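Examining the three-dimensional arrangement
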Amino acid sequence: MFPRPRGIVPSGIGSQRIVLQRMTAGGALDGAEQEVDEPQLAAAVAALERQHPRWVWDDTSRWYPRLLAVHVRVERCVDLRLSHAILRNSSLTAGSALAASPACSWDRGALERLERPAEHTLFDFDEELADGAGEDTLAEFASQRAAVAGADDPARIGLLLAAESAGALVAAEMMYAGLPWREDIHNEILESHLGRRPAPGQRPELLDATLQRLREKLEAPTLNPDSPSELLKALAVAGLMVTSTRSWELKKLIHPAIEPLLEYKKLSRLLTANGWHWLDANVRDGRFHPEYVPGGVVTGRWASTGGGGALQLPKQIRGAVVADAGWKFVVADASQLEPRILAALSGDRGMVEAGSAGDLYAGIVASGAVETRDQAKVAMLGAMYGATSGESGRLMPKLTKAYPKAIALVEEAARAGERGEVVTTRLGRSSPLPGAAWRASQSEAYGENATEVDASRARGQARGWGRFTRNFVVQGSAAEWALCWMANLRRVLHEQATGSWITDSPHLVFFMHDEVVVHSPADRVDAVEAAIRTAGDEAGRLLFGASPATFPLSVAIVDDYGQAK
DNA sequence: GACGGCTCCAAA
DNA sequence: AACTTTTGGAGCCGTC
């Protein structure tokens, strides 16, 4: 999949000039080039796009939002910054010149992006990039091509780079389109829980009433429950001995103050995380425009930034996400994605079989491995996260006996992490190495002056890193499945589009790890659902070929996001 | 007053 | 219900 013929490289040669250079299928410049002023760039891109090139650029988040703003869509790209991060770390390209080269500006991409001012003109380059930026881009692309060509499995890492780059396009397009958001309904939700919007600095009426009730029951007239230490002291005075103020700890206590305390925490959370201030800051003209950060998590999951908290959107306020008149949301999530990924990764036929009927956990019960669905669920979570204690830990032997290959895969990943080694996902994203402090404490634990405390601490840290690598292979491979799913879906939606612009036809508006939301005209939802399912099937084939593993989707067609699930 | 560490909670 | 993974963000609180 990578690279395809005719890449086109936009790069800046000054503050306002951009060079577009054409490449052959082999990645060589063929001499065709254009130099355009910044205002003409979008038109030039749009004209070239008719030849269906793959754009090769340093950073999708730098170029694409401004193209989208003037209604220019591109079909495909290579995001050199994201690709570099993968190739730098991947065990598949460990022998490449790229991996051996010293850290450079391509490694600092994420940091630079955060430091870049929010407002600047499209081609107003940083000084270091203004000079020779084109050569740098071309050299980096050549270096990446060489790394892929020399990889242990070029098709595998190539697919990952293509999916990662397609994800960057999706992220920019979703940020552009925005998630439909009804401020009035959000306000109604807030008013029903908190009361009317108060003057700045004031507590909403219902939150204040709850606080007064709490203070009364605790006989603490000036208590600020937002201060954990103050709250702990007040609870102790009331005879409630707890070591933390987490809600689930407090729920175990029996005291008249607990009910208002839990209520206060819930209301306070709603107000501070998704209250009126959030609405003011994040919703404009009926759309929430979260900024996604592809590759923002070490495992390859996306992160989000900018205060919206898009990937932690609480279920409580999803009712404010309402489709436009005459439109619907098609909400799809991949059921039990991570355990199914583990089954496919390990080729554990028993676990694949357990998932074939639709509910993996029910299938595990049916196989006789455990007795209840809850046990199956908690045991699987424990296997993927590395639980050692509690019910989950106790169930592990049963799970190991029933699904030896699946459990062996996560156990081996954990052991590798404990030894300080890297682990690698299905398509080739590798975990980082543990830091210097970790290595130091490991080696010190076996030194002459090491105490039992040192050794114990080192073992604890080793196990902690093992839990990380254990989870990395599953979470990271699941993220790859999701990237392929979205890339396929984006392509199919575009092929089926009848409108002239992204937002005139069914389009992606939200993504959350294993779930997508498509905003669609009501009369197109059946085709959209079919496209989502086709894209999911194809993602399974891309990652696991002819494996019998299935990744069923649950799809809901709704008017508001709160109705889904 | 800025900053970093800590606690808590939302999501997958 | 958590345990056990990855995150972002708000508020508190001690330090500079």
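Check the entry above for the structure.
So, here is what we can say about the structure in this document. Computed from a prediction, not measured in an experiment: that's the story for all the values here.

Structural notes on the pattern of salt bridges
For the coordinates displayed, the defined rule picks out 27 salt bridges. Note that Arg62 is salt-bridged to Asp58, the shortest N-O span being 3.6 Å. The buried category is assigned to Arg62, whose relative accessible area is 8%. The salt bridge partner of Glu538 is Arg541, with a shortest N-O separation of 3.1 Å. Here Arg541 and Glu538 lie together in helix 23 (residues 525-544), a separation of three residues that amounts to about one turn.

Looking at the protein's contact with DNA strand C
Around DNA strand C lies a shell of 28 residues, among which Ser227, Gly307, Val378, Ala387 and Arg467 are the nearest. Counting only atoms of DNA strand C within 4 Å of the protein, the sugar-phosphate share comes to 72%. One of the side-chain nitrogen or oxygen atoms of Asn224 is found 3.4 Å away from a phosphate oxygen of DNA strand C. The contact in question runs from a base nitrogen of DNA strand C to an N or O atom on the side chain of Glu391, over 3.5 Å. Of all elements in the fold, only helix 13 (258-274), strand 10 (303-305), helix 18 (373-385), helix 19 (390-402) and helix 22 (452-496) reach the threshold of two or more residues within the surface near DNA strand C.

Thoughts on the sheet that holds strand 14 (residues 553-558)
Here four strands make up an open sheet; going across it, the order is 12-13-11-14 and the pairing antiparallel. With partners counted over all chains shown, the strands left at the sheet margins are strand 12 (507-511) and strand 14, one partner each. Strand-to-strand twist of the sheet, defined as the mean angle between neighbouring strand axes without regard to direction, takes the value 25 degrees. Of the strands in this sheet, strand 11 (327-334), strand 12, strand 13 (515-521) and strand 14 touch helix 22, which is tilted by about 160 degrees from strand 12.

Here we look at the environment of Phe511
Mapping Phe511 onto the fold places it in strand 12. With a relative accessible area of 4%, Phe511 lands in the buried category. Between the C-alpha atoms of Phe511 and Arg54, which are 457 residues apart in sequence, the distance is 24 Å. Excluding its chain neighbours within four sequence positions, the residues that come into contact with Phe511 are Met174, Tyr292, Trp302, Leu311, Ala482, Met486 and Val516.

Quick notes on helix 15 (residues 337-346)
The element helix 15 is largely enclosed, with a buried count of 10 among its 10 residues. Regarding helix 15, the residues found buried are Leu337, Glu338, Pro339, Arg340, Ile341, Leu342, Ala343, Ala344, Leu345 and Ser346. Just beyond helix 15, the residue with positive phi is Gly347, at close to 65 degrees.

What to know about the environment of Ser96
Its place among the elements puts Ser96 in the loop between helix 3 (80-89) and helix 4 (97-100). You can call Ser96 buried: its relative accessible area is 10%. For Ser96 and Glu338, which are 242 residues apart along the polypeptide, the C-alpha to C-alpha distance reads 31 Å.

As for the layout of surface pockets
The computed volume of the second largest pocket comes to approximately 610 Å³. Lining the second largest pocket are 29 residues, with Arg301, Glu338, Met512, His513 and Asp514 sitting closest to its centre. Secondary structure elements with two or more residues in the lining of the second largest pocket: strand 11, helix 15, helix 18 and helix 22. Here the element with the most residues in the lining of the second largest pocket is helix 22; it accounts for five residues.

Rules behind the numbers
For every chain, the first residue of the written sequence is number 1, and numbering continues from 1 onward in sequence order. Chains and ligands are labelled sequentially in the order written, the chains with letters from A and the ligands with numbers from 1. Reporting in this predicted model follows two pLDDT cut-offs: at least 70 for local features of residues, and 80 or more for side-chain atom pairs to be given and counted; totals over whole chains, interfaces and linings ignore these cut-offs and use all residues. Processing note: side-chain calculations cover all non-hydrogen atoms of the structure and skip hydrogens and water entirely. A side-chain nitrogen of Lys or Arg and a carboxyl oxygen of Asp or Glu constitute a salt bridge if their distance falls within 4 Å. A 1.4 Å probe rolled over the protein chains alone gives each residue an accessible area, and that area as a share of the maximum for its type sets the label: buried under 20%, exposed over 50%, partly exposed in between. A run of H or I in DSSP counts as a helix once it spans at least four residues, and a run of E counts as a strand once it spans at least two, with each numbered from the N terminus. When we say a residue is near a molecule or strand, we mean one of its heavy atoms is within 4 Å of it. Pairs of N or O atoms within 3.5 Å make up the polar contacts considered here, provided that, within protein, one atom can donate a hydrogen while the other can accept it, and that residues adjacent in sequence are counted only when both atoms are side-chain atoms. Note: two strands are recorded as paired if DSSP finds a minimum of 2 bridges between them. Here the axes come from fitting lines to C-alpha atoms, over the contacting stretch only for helices, and the angles between their N-to-C directions go from 0 to 180 degrees. In this analysis, two residues are considered to be in contact whenever any of their non-hydrogen atoms come within 4.5 Å of each other. A 1.4 Å probe that fits into a set of points on a 1 Å grid over the protein atoms alone but cannot get out defines a cavity; an open set with protein on both sides within 12 Å along at least five of seven lines defines a pocket, and lining residues are those with an atom within 4 Å of a point. Grid points are joined across faces, edges and corners, and a volume is the space filled by probe spheres set on the points.

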